[in-house]
Amino acid sequence: MQTESARMASAREAAFRVPYPNSRPRSAHLVALDRACEPFVTHLLRDHPGRLALKLAALPDPVAAATALIAALDGTDLLVMISTSGEDSPAASLIAEACHLRRLPVTVFVLDTPERATELPERLRHLRPYAQMLVRAADPDYVEDMLTALRV
Amino acid sequence: MLRREQNELLTQTGPGTVMGNFFRAYWMPALLASELPENDCPPVRVKLLGERLLAVRDTNGEYGLIDEFCAHRGVSLWFGRVEDGGIRCPYHGWKYDVSGQCTEVPSEPAANGFCKRIKLTGYKLVKIGDVLWTYMGPPDSEPPLPEWEFATVPAAQSFTSKRLQESNWLQAMEGGIDSSHVTFLHGRNLETDPLFHGAKGNDYNRADTAPVFEVAESPGGLWIGVRRNAEEGNYYWRITPWVMPSFTMIPPRADHPVHGHFWIPIDDETCWAWSYDYHPTRALTDTERRAMEEGKGVHVAYVPGTFRPAANKDNDYLIDRAGQKAGLTYSGVEGIAMQDASLQESMGPIVDRTKENLVGTDNGIIMARNRLLRAARAHAEKGAVPPGVDPAHQRIRSAALILPPDQPYTEAAKEALIVRPGVRQTSV
Ligand code: FES
Ligand SMILES: [Fe+2]
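These figures come from a predicted structure and were not determined experimentally. (Residues numbered from 1 in each chain as written. Chains lettered and ligands numbered in written order. Predicted model: local features only at pLDDT ≥ 70, side-chain atom pairs only at ≥ 80, totals over all residues. Heavy atoms only, no water.)

Draft legend 1. Structural view of the coordination of the iron ion (ligand 2). Residue and element names in this part refer to chain B. Ligation of the iron ion (ligand 2) by protein atoms is provided by His181 (NE2), His186 (NE2), Asp340 (OD) and Asp340 (OD), these donors lying 2.1 to 2.3 Å from the ion. Metal-centred angles of 59 to 147° between the four donor atoms at the iron ion (ligand 2) mark the site as irregular. All donor residues of the iron ion (ligand 2) come from one chain, and their arrangement in sequence is H-x4-H-x153-D. Of this pair, His186 sits in the loop between helix H5 (182-185) and helix H6 (189-192) while Asp340 sits in helix H10 (residues 336-346), and the two are 154 residues apart along the sequence. (Donors = N, O, S within 2.8 Å, 3.2 Å for Na, K, Ca; no water. Tetrahedral: all angles 85-135°; square planar, octahedral: opposite > 155°, others 65-115°. Helix = DSSP H or I, 4+ residues; strand = E, 2+ residues; numbered from the N terminus.)

Here it is as structure tokens:
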């Protein structure tokens, strides 16, 4: 017996999947939460017009900058907060709150080096409530892989 | 999405491929011990990582996994006679021991030692628990034997099954670490399946349909934590370990046995979905064992005499459209294992990951791919021992528990996530 399922799931039929781009390019806002991750965020922006960044620690008035970012969130598909220390800031909570109201998913990426393995988990409690997805990884390249995987 | 070459690297496991060599660094489940039930029993054909092999149990109870085909003129040794400490080809009588060494070529005078020059490829086959494990890598890099808890508890506490999955291994495994599909695809089964129902944790699952994910690296792979709201501002956490290359363990529910999977490539378009179910501290009850044998929980009912599920792509997985409409199941396919397998097989033999559109909740999958690519390259380029080879990476557990909101699960659940002999699983 050969049903539709059997035929349609064959290698032969897999070659006939409709070839078209089934999504439009996405855009993401990257928010660097501390100074240590700023060079790395700069690196992520290179050659990627769909990625915008905000470096909170570098700014004289982070709260004002966060407010401006919130105003520009329309059309953003993803917000990624990047942190090395796991520390909180009032600006970060403002942004997270705004994303929550707009149902814009927030991914928090924390660089998880073995040296800081003890104090980091404790600090993450500030960031945890913001994130729909929180990722702890030792390799900063992971963020690039994640953004590529998400097509931004 | 993955680039085409990344997708090919991760999905191809034949001899000489990067991922194929990576899998060959591990002890893998090859067949159920019950498939070779006694000394001198009929041999079993086994295809693994694109190699056609034959599993043999000889007169002395020694096991071996050898090239399926006779070195003389290529006859399948599956037709062979297992006798007197070896297997004899029925065509011209050449005989091999379980290591693949030829021990007799009847047409040649024994004195000339011709048979010593004939050796079939042979891999070790070792019985641990209900499973015969093989190591297909270079002999000088053979790792310590596996120590997964399900295989090392007393036999009365454990049950293992396998089923044929007609898709590449990676899309099957990705389904196992994708916790976000459970609410949809398996939602109803939490209430109806005898191996799941009645857990307090099921209520949290149902009540909070917007789970939050937290993924962290572990020495052997990943911890994938999913939290939902519980009482008084606390969180209900379900923590799934993934250990490279393809082991997962589903978080427990109440005192039900704990289960999980291995996905082992047969070739690039099919794999074995291994499913184990065990209790760390007590024997399985007769009711539980019967339910497992009947294909409940993560197990399946088979086409008699095979490991192919009774519901398969040739019968449209026995989809019940009326049941789908009435909400008896979400997809219309019955049973947790076949709900997963039907959808994973429908993606095609090897899904084209250049076309997918991932979202934030797919981070577990993104990270698993990233770690596999890195580890497989380090293994290929620098000979690095892959994560998961060390038995310490295998002595882990899944867990389900309630934690205060400010506690990170990797630390707060540290004890719960390792094997503690004599201590039951941490479950809600
Ligand atoms: S909704 Fe996930 S594959 Fe279609
Ligand atoms: Fe599933």
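Draft legend 2. Structural context of the pairing of strand S18 (residues 399-403) of chain B. All names here are of chain B. For S18, the buried fraction is high: four of the five residues fall into the buried class. With five bridges connecting them, strand S14 (residues 235-243) and S18 associate as antiparallel partners. When the bridges of S18 are listed, Arg238 appears paired with Ala400. (Buried < 20%, exposed > 50% of the residue type's maximum accessible area, 1.4 Å probe, protein only. Pairing = 2+ DSSP bridges.)

Draft legend 3. Expanded view of the interface of chain A and chain B. Across the contact, 39 residues belong to chain A and 42 residues belong to chain B. Across the interface of chain A and chain B, roughly 3400 Å² is buried in total on both sides, 48% from carbon and sulfur atoms. When residues of chain A are sorted by the area they lose upon contact with chain B, A:Arg128, A:Met133 and A:Arg136 head the list and together hold 19% of the total. Taken together, the connections running from chain A to chain B amount to three salt bridges. A:Asp139 serves as the salt-bridge partner of B:Arg374, at 3.2 Å between the closest nitrogen and oxygen. Remark: the boundary between chain A and chain B carries 27 residue pairs in polar contact (both at pLDDT 80 or more). (Contact = heavy atoms within 4.5 Å. Buried area = accessible area lost by both parts, 1.4 Å probe. Salt bridge = Lys/Arg side-chain N within 4 Å of Asp/Glu carboxyl O. Polar contact = N/O pair within 3.5 Å; in protein donor to acceptor, adjacent residues only side chain to side chain.)

Draft legend 4. Looking closely at the nonpolar core. B:Phe150 and B:Leu372 are the most contacted members of the largest nonpolar core, which has 108 residues in total. Here this core gets eight residues from one element, more than from any other, and that element is helix H11 (residues 363-382) of chain B. When residues no more than four places from it in sequence are discounted, the contact partners of B:Leu372 are B:Leu10, B:Met19, B:Phe22, B:Trp169, B:Leu170, B:Met173, B:Trp242, B:Met244 and B:Pro245. Of all hydrophobic cores here, the second largest spans 24 residues; its members include A:Leu33, A:Leu79, A:Ile95 and A:Ala131. (Core = buried A, V, L, I, M, F, W, Y, C linked by side-chain atoms within 4.5 Å.)

Draft legend 5. A look at the sheet that holds strand S5 (residues 81-83) of chain B. Residue and element names in this part refer to chain B. Taken in spatial order, the four strands line up as S5-S6-S7-S8 in an open sheet, and their pairing is antiparallel. The open sheet has two free edges, formed respectively by S5 and strand S8 (102-104), since each of these has just one partner strand. Bridge analysis of strand S6 (residues 86-88) against strand S7 (residues 95-96) gives two bridges, and the strand direction is antiparallel. In the strand pairing of S7, Ile87 is matched with Tyr96.

Draft legend 6. Representation of the sheet that holds strand S9 (residues 122-128) of chain B within the structure. All names here are of chain B. Pairing in this open sheet of six strands is antiparallel, and the strands run S1-S10-S9-S4-S3-S2 from one edge to the other. Looking at which strands have only one partner, the edges of the open sheet turn out to be strand S1 (27-32) and strand S2 (44-48). In this sheet, adjacent strand axes meet at a mean angle of 35° when their direction is disregarded. Note: S1 against strand S10 (residues 131-135), five bridges, orientation antiparallel. The partner of Trp27 across the bridge, within S10, is Tyr135. (Axes fitted to C-alpha atoms, helices over the stretch in contact; angles between N-to-C directions.)

Draft legend 7. Inspection of the pairing of strand S1 (residues 28-32) of chain A at higher detail. Residues and elements named next belong to chain A. By the criterion of burial, S1 is predominantly enclosed, with five of the five residues buried. The two faces of S1 match: Ala28, Leu30 and Ala32 on one face and His29 and Val31 on the other face are all buried. When S1 meets strand S2 (residues 51-55), the two strands line up parallel, connected through five bridges. Within the sheet, the bridge partner assigned to Val31 lies in S2 and is Leu54. Note on the crossover from S1 through helix H3 (residues 38-45) to S2: the handedness is right-handed. In this structure, S1 lies alongside strand S3 (residues 78-83), joined through five bridges in parallel fashion. When the bridges of S3 are listed, Leu30 appears paired with Val80. (Right-handed = clockwise from strand over helix to strand, strands pointing away.)

Draft legend 8. Spatial organisation of the state of the cysteines. Applying the stated criterion across every chain, the model contains zero disulfides over all chains. Sulfur of B:Cys70: no disulfide; nearest cysteine sulfur belongs to B:Cys89 and is 3.9 Å away. (Disulfide = S-S within 2.5 Å.)

Draft legend 9. A look at the layout of surface pockets. In this model, the largest pocket occupies a volume close to 760 Å³. Residue lining of the largest pocket: 27 residues in total, with A:His100, A:Gln132, B:Ala210, B:Pro211 and B:Val212 positioned closest to the centre. Looking at the lining of the largest pocket, the elements that each hand over two or more residues are helix H5 (90-102) of chain A together with H5, strand S12 (212-217) and strand S13 (221-229) of chain B. In terms of residues, the lining of the largest pocket owes the most to one element, H5(A), which gives five residues. For the lining of the largest pocket, a count of residues per class yields 14 nonpolar, eight polar and five charged. (1 Å grid on protein atoms, 1.4 Å probe; cavity = no way out; pocket = protein on both sides within 12 Å on 5 of 7 lines; lining within 4 Å. Points joined across faces, edges and corners; volume = space filled by probe spheres on them. Nonpolar A, V, L, I, M, F, W, Y, C, P; charged D, E, K, R; others polar.)

Draft legend 10. Structural view of unusual backbone geometry. All names here are of chain B. The peptide bond linking Met244 to Pro245 adopts the cis configuration, its omega dihedral lying at 0°. Topologically, Pro245 is positioned in the loop between S14 and strand S15 (247-249). In this model, Asp316 sits at a positive phi of 55°, which is unusual for a non-glycine residue. Looking at where Asp316 falls in the secondary structure, it is placed in the loop between helix H8 (286-293) and helix H9 (321-326).

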